[in-house]
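Architecture and fold: a report
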Amino acid sequence: MIKQISLFAENKPGRLASVSDKFKGAGINIRAFTIAEAGDFGIIRMVVDDPDLAHKVLHDSGFTVSETNVLGVEMEDVPGQLGMIAEVLGEKDINIDYAYAFVTRTEKAFLIVRVNDIRGAVKVLDDAKIKLLDMSDVQNI
Amino acid sequence: MIEYWNPQIERMPVEELKEIQGEKLCNLVKYVYEHSPFYRKRFDDAGIRPEDIKSLDDVTKLPFTYKKDLRDTYPTGMFCVPNNKLVRFHVSSGTTGKPTVVGYTDNDIKAWTTSLARAMTSIGVGRDDIMQIGYGYGLFTGGLGMHYGAEETGCTVLPASSGNTDRQIELMQDLGTTVIGCTPSYFLFMIEAAKSAGVSFQDDTDLRVGVFGAEPWSEEMRKRIEESAGIKAYDIFGTSELSGPLFTECREQKGIHIWADQFLVEVIDPDTGEPVPNGERGELVITTLVKEALPLIRYRIGDITVLNWDECECGRTHPRIMRVLGRADDMLIVRGINVFPGQVESVLMKIPEVGEHFMIIVDRINELDIMKVQIEMTDVAFSDKVNDIINLEKKVASALKGVLNIAVKVELVEHGSLPRSMGKAKKVIDNRKL
Ligand SMILES: [Zn+2]
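Cut-off values and rules
Residues numbered from 1 in each chain as written. Chains lettered and ligands numbered in written order. Predicted model: local features only at pLDDT ≥ 70, side-chain atom pairs only at ≥ 80, totals over all residues. Heavy atoms only, no water. Helix = DSSP H or I, 4+ residues; strand = E, 2+ residues; numbered from the N terminus. Buried < 20%, exposed > 50% of the residue type's maximum accessible area, 1.4 Å probe, protein only. Contact = heavy atoms within 4.5 Å. Areas by Shrake-Rupley, 256 points an atom, 1.4 Å probe, with all protein chains shown as cover. Donors = N, O, S within 2.8 Å, 3.2 Å for Na, K, Ca; no water. Tetrahedral: all angles 85-135°; square planar, octahedral: opposite > 155°, others 65-115°. Domains from an automatic or database assignment. Buried area = accessible area lost by both parts, 1.4 Å probe. Salt bridge = Lys/Arg side-chain N within 4 Å of Asp/Glu carboxyl O. Pairing = 2+ DSSP bridges. Axes fitted to C-alpha atoms, helices over the stretch in contact; angles between N-to-C directions. Parallel < 35°, antiparallel > 145°, perpendicular 65-115°, else oblique. Nonpolar A, V, L, I, M, F, W, Y, C, P; charged D, E, K, R; others polar. Patch = residues over 30% accessible without salt bridge, like charges linked within 9 Å, V, L, I, M, F, W, Y side chains within 5 Å. Lys, Arg positive; Asp, Glu negative; His and termini not counted. Charge placed at Lys NZ, Arg CZ, Asp CG, Glu CD. Polar contact = N/O pair within 3.5 Å; in protein donor to acceptor, adjacent residues only side chain to side chain. Core = buried A, V, L, I, M, F, W, Y, C linked by side-chain atoms within 4.5 Å. Phe/Tyr/Trp six-rings, centres within 6.5 Å; stacked < 30°, edge-to-face > 60°. Lys NZ or Arg CZ within 6 Å of the ring centre and 35° of its normal.

A short note on the overall build of chain B
Helix and strand content of chain B: 12 helices and 20 strands. Projecting the C-alpha coordinates of chain B onto the three principal axes gives extents of approximately 75 × 55 × 40 Å. Across the 434 residues that make up chain B, the buried fraction comes to 57%. Here the contacts in chain B between residues at least 6 apart in sequence split such that 66% fall between residues at least 24 apart. Working note: accessible area of chain B is about 18,400 Å², and carbon and sulfur atoms make up 50% of it.

Laid out in C-alpha cells, this is it:
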C-alpha cells in the first residue's frame, strides 16, 4: 500500500507551482501526480517520498489536504494490465474510484489505484500474484 | 452578582411603562417642535401640532424620519441643542452617500450608559468580570459605547479595540478576560488566529461570555461560536443614530430587550406604514424618548424583526425584538425574490461540512440574475473523490433553494481564500448594474 497526498485547489494559475515550492523547501520529492479537474476546482493527487512530512508542510501552509491509502502496481503494459486488475477486483465486487498511470525517469510504468475496499483489494491482487508497491519502493523509484 | 440593574424600572408593569411612554412622547413632540427647525417644518407640512399628540396611541399620527433626513441635514441640521450643550460627536461612515453625525449631551451619554449597564447585567456581566472590547474605538460608536456601559457595571475594561489579534489573544490569557465584545466576524477571525497560535479559548482562557453585534448573525452561527469557544454568545443591538450599541438579549436568549422608558418601538408593514399585529414580522421603527441632542421621531431604522410584549422568563417586562433577520438595506432582490444574507448564513451553518465564511455573488447574465454562494473547503468536508465534492455542492445548493426559493450555484473555494474581517464582514458582491 502507498500513502497518497491529495489536496483541494481552485483552478487558478500558480497552485501547483506553490505546492512544488513548498516541497522543494522541505526536501520532499514528488514521484507522481495527477490533477482531477471539475469545473472551478481540482484535486491534486501526489505520490511523494515522505507523505507524512508532505501532509504537514501543506497543512501548515493552509491547504486542505488529506492522506489516502492507494494501491501501486508496476506494469509492463498499462492498458492491458489496468483491464486485468479491474477484472480481478470486479469479480470480488471491489470498485475502482480512480486510477492514474505514470512513467519514471527509468521508463518504468506504474499504476496508482484507489478502491473502495483496500484490504480486500490487497488480498485479491496478492492471490492473483500481482505485486504491489509499498512506501520503500516509492522511495527508490 | 446582581440580577437587575434597576429592578424597579426593568420589572415595571406594562401598563405603567406605557403610561410613562405616553407622557414622554407628548413632551418629546413639544420639545422637538420648539428646538428643531427640521421637525417643526416636518410637522407643519404634515399638519400636525404638538397639542394633537395626547397619548401613546397618537404616535401613529406622527410622520416618519428617514436615514436620508440625517444625510440631507448633514452635519448637524437636525440637532436640538447648540454646541455648548454637546459633549461628544460620533460619525458613522455611510455605506452609501454622506456619513451621519450624531451628537450627545451629557444626559445622552448617561442614558446610553444606563441602557448598556442594564443590558450587561441581564447577561450576568458585572463587577467580577474582565471585558475585552474588540470593537473599534473612535468615530464608530461600538468601542466607546460598550466601554462606558461595561465600566458602569463595575466590570474591568480592557479597551483593546479591533486589530492586533495575536496581542489580543495573549492579553486575554494573561489578564484573564471573561467577556469579549466585538463583531461576530472578528470573533471568528480570533478563533482561527488562536487556533493557529495553538490556543484554545475553551481550555486556555477564562472567556465565558461573548457580546456580538454591529452586523447581523444567525442563530446557527451562535451555536457554532458557543461550541467552538466554549462560551455563551449574546446578540447586541443598536445603531449610531440611536446612540450606538444599546440593547442585548438577556440570559434567556429569546429576543433583545428594548428599554421602553428610553425608546418607543413599533413594527410596521414597510409598504403601508401601518403597524403589524403583536408577534408579526415587519420593519422596526424607533422613537427616542429621552435623547436631547438628536431625538428621532418614528425613525425607520430598516431592520426586519418581530416585536414581542410578552413578559420574559427573566422577569423583565420591557418588550423584546426577535433576532434581527437583516437590515432592509442588506436585502438583495434576486429574480424578484427577497434574500437576506442572514438567511443564507443560517442555512449554511446547519450543514456541518460547511465552514464559517461565505460570500454571496450576484451577477446579471443575459437579463437573468445569477446568484452564487462561495463556501470554503474544510478538513472535515474534503474528500479526494471529485464526486464527493460535487455532491456536497449540490447538497448545499438544494438546502439553499429549499429556503430561498431560487436556484443558487454553490462553489467550494480553498480554505482561507474568502476575506476575513476585523470589523463588519462584507458578505455580498453584487455585480449587477441596477
Ligand atoms: Zn429577558
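From this point, the discussion proceeds with the structure in view.
Overview of the coordination of the zinc ion
Residue and element names in this part refer to chain B. At this site the zinc ion is bound by C250 (SG), H257 (NE2), C312 (SG) and C314 (SG), with donor distances of 2.1 to 2.3 Å. Coordination at the zinc ion comes from 4 donor atoms whose angles at the metal span 104 to 115 degrees, giving a geometry best classed as tetrahedral. Read from N- to C-terminus, the donor residues coordinating the zinc ion fall into the pattern C-x6-H-x54-C-x1-C.

Some details on unusual backbone geometry
Residues and elements named next belong to chain B. In this model, Y74 is joined to P75 through a cis peptide bond whose omega is 0 degrees. Phi is positive for S243, close to 130 degrees, though the residue is something other than glycine. With respect to the element layout, S243 can be found in the loop between strand 7 (232–239) and strand 8 (244–248). Assessed through its relative accessible area of 2%, S243 is described here as buried.

Here's the deal with the domain arrangement of chain B
Bring the parts together and some accessible area is lost; that lost area is often taken as the interface size. Residues and elements named next belong to chain B. Assigned domains within chain B: domain 1 (1–328) and domain 2 (331–430). For domain 1 versus domain 2, the separation of C-alpha centres amounts to 30 Å. With both sides pooled, the region where domain 1 packs onto domain 2 buries about 1,800 Å², and carbon together with sulfur makes up 56% of that total. Where domain 1 meets domain 2, there are 3 salt bridges. Of the charged contacts in the structure, one is a salt bridge between E356 and R224, with a shortest N-O distance of 3.0 Å.

A word on the sheet that holds strand 18 (residues 368–376) of chain B
All names here are of chain B. If you walk across this open sheet you meet the 4 strands as 19-18-17-20, and the pairing is mixed. The sheet is open, and its two borders are formed by strand 19 (408–413) and strand 20 (428–430), each paired with just one other strand. The average angle at which neighbouring strand axes cross in this sheet is 20 degrees, direction not considered. Looking at chain direction, strand 17 (residues 358–365) and strand 20 are connected through 3 bridges and run parallel. Each bridged residue has a counterpart across the sheet, and for V362 the counterpart in strand 20 is D430. The strands that helix 12 (residues 386–404) touches are strand 18 and strand 19; relative to strand 19, the one it contacts most, it runs at about 140 degrees.

Brief notes about the packing of helix 7 (residues 165–175) of chain B against helix 8 (residues 184–196) of chain B
Residues and elements named next belong to chain B. Between helix 7 and helix 8, the shortest axis-to-axis distance is 10 Å and the interhelical angle comes to 80 degrees. Relative to helix 8, helix 7 is oriented roughly perpendicular. Every residue of helix 8 that contacts helix 7 at T165, D166, Q168, I169 and M172 is listed here: Y186, F189, M190, A193 and A194. Here the residues of the contact of helix 7 with helix 8 are counted per class, giving 7 nonpolar, 2 polar and 1 charged.

Examining the environment of V334 of chain B
All names here are of chain B. As for its placement among the helices and strands, V334 is situated in strand 15 (residues 332–334). For V334, a relative accessible area of 1% gives the class buried. Between the alpha carbons of V334 and D369 there is a distance of 6.0 Å; along the sequence they are 35 residues apart. Not counting chain neighbours up to four residues away, the residues in contact with V334 comprise V339, V362, D369, M371, I406 and R432.

Observations regarding the sheet that holds strand 4 (residues 65–75) of chain A
Judged by pairing direction, the sheet is antiparallel, and its 6 strands sit side by side in the order 2-3-1-4-6-5 (chain A) without closing on themselves. Where the open sheet ends on each side, the last strands, each with one partner, are strand 2 (30–38) and strand 5 (96–103) of chain A. When the angles between neighbouring strand axes are averaged without regard to direction, this sheet yields 30 degrees. For strand 1 (residues 2–10) of chain A and strand 3 (residues 41–48) of chain A, the ladder comprises 6 bridges, and the chain directions are antiparallel. Bridging across to strand 3 of chain A, E10 of chain A finds its partner in F41 of chain A. Across the sheet, helix 12 of chain B is in contact with strand 1, strand 2 and strand 3 of chain A; its angle to strand 3 of chain A comes to roughly 150 degrees.

Some thoughts on a negative patch on the surface
Taken together, the side chains of E15, E16, E19 and E23 of chain B define an acidic patch exposed on the protein surface. According to the relative accessible area criterion, E23 of chain B is exposed, its value standing at 53%.

A few points about the interface of chain B and chain A
Residue-level contacts link 18 residues of chain B with 24 residues of chain A. Both faces considered, chain B and chain A share a buried interface measuring about 1,600 Å² in area, 56% of it formed by carbon and sulfur atoms. Broken down residue by residue, the surface that chain B buries against chain A is led by F382, D384 and E414 of chain B, which jointly contribute 43%. Linking chain B with chain A are 5 salt bridges. One can count 10 residue pairs in polar contact (both at pLDDT 80 or more) joining chain B with chain A. Mapped by element, the contributors of at least two residues to the side of chain B that touches chain A are helix 12 and strand 19 of chain B.

With respect to the nonpolar core
Within soluble globular proteins, side chains that are nonpolar tend to cluster in buried spots. Residues and elements named next belong to chain B. L25, F43, L62 and M131 are the most contacted members of the largest nonpolar core, which has 69 residues in total. Among the elements that make up this core, the one with the highest residue count is helix 2 (residues 14–35) (7 residues). When near neighbours in sequence (up to four residues on either side) are disregarded, F43 contacts V29, V32, Y33, I48, L62, P63 and I297. In this structure, I180, F189, M349 and V408 belong to the second largest nonpolar core, which totals 57 residues.

Focus on the packing of aromatic side chains
Residue and element names in this part refer to chain B. Using the criterion set out here, one finds 15 aromatic pairs over all chains in the structure. Both rings, one in F212 and one in W217, keep their centres 5.6 Å apart while their planes meet at 85 degrees; by these two values the pair is edge-to-face. When the ring centre of Y148 is taken as reference, the NZ or CZ atom of R88 above it lies at 4.7 Å.

Observations concerning the pattern of salt bridges
All names here are of chain B. Throughout the structure, instances matching the rule amount to 38 salt bridges over all chains. Residue E353 is joined to K395 by a salt bridge in which the shortest nitrogen-to-oxygen separation is 2.9 Å. Linking E353 in the loop between helix 11 (341–349) and strand 17 with K395 in helix 12, this pair joins segments that are 42 residues apart in sequence. The exposure class of E353 is partly exposed, given its relative accessible area of 22%. Exposure remark for K395: the relative accessible area of 40% places this residue in the partly exposed category.

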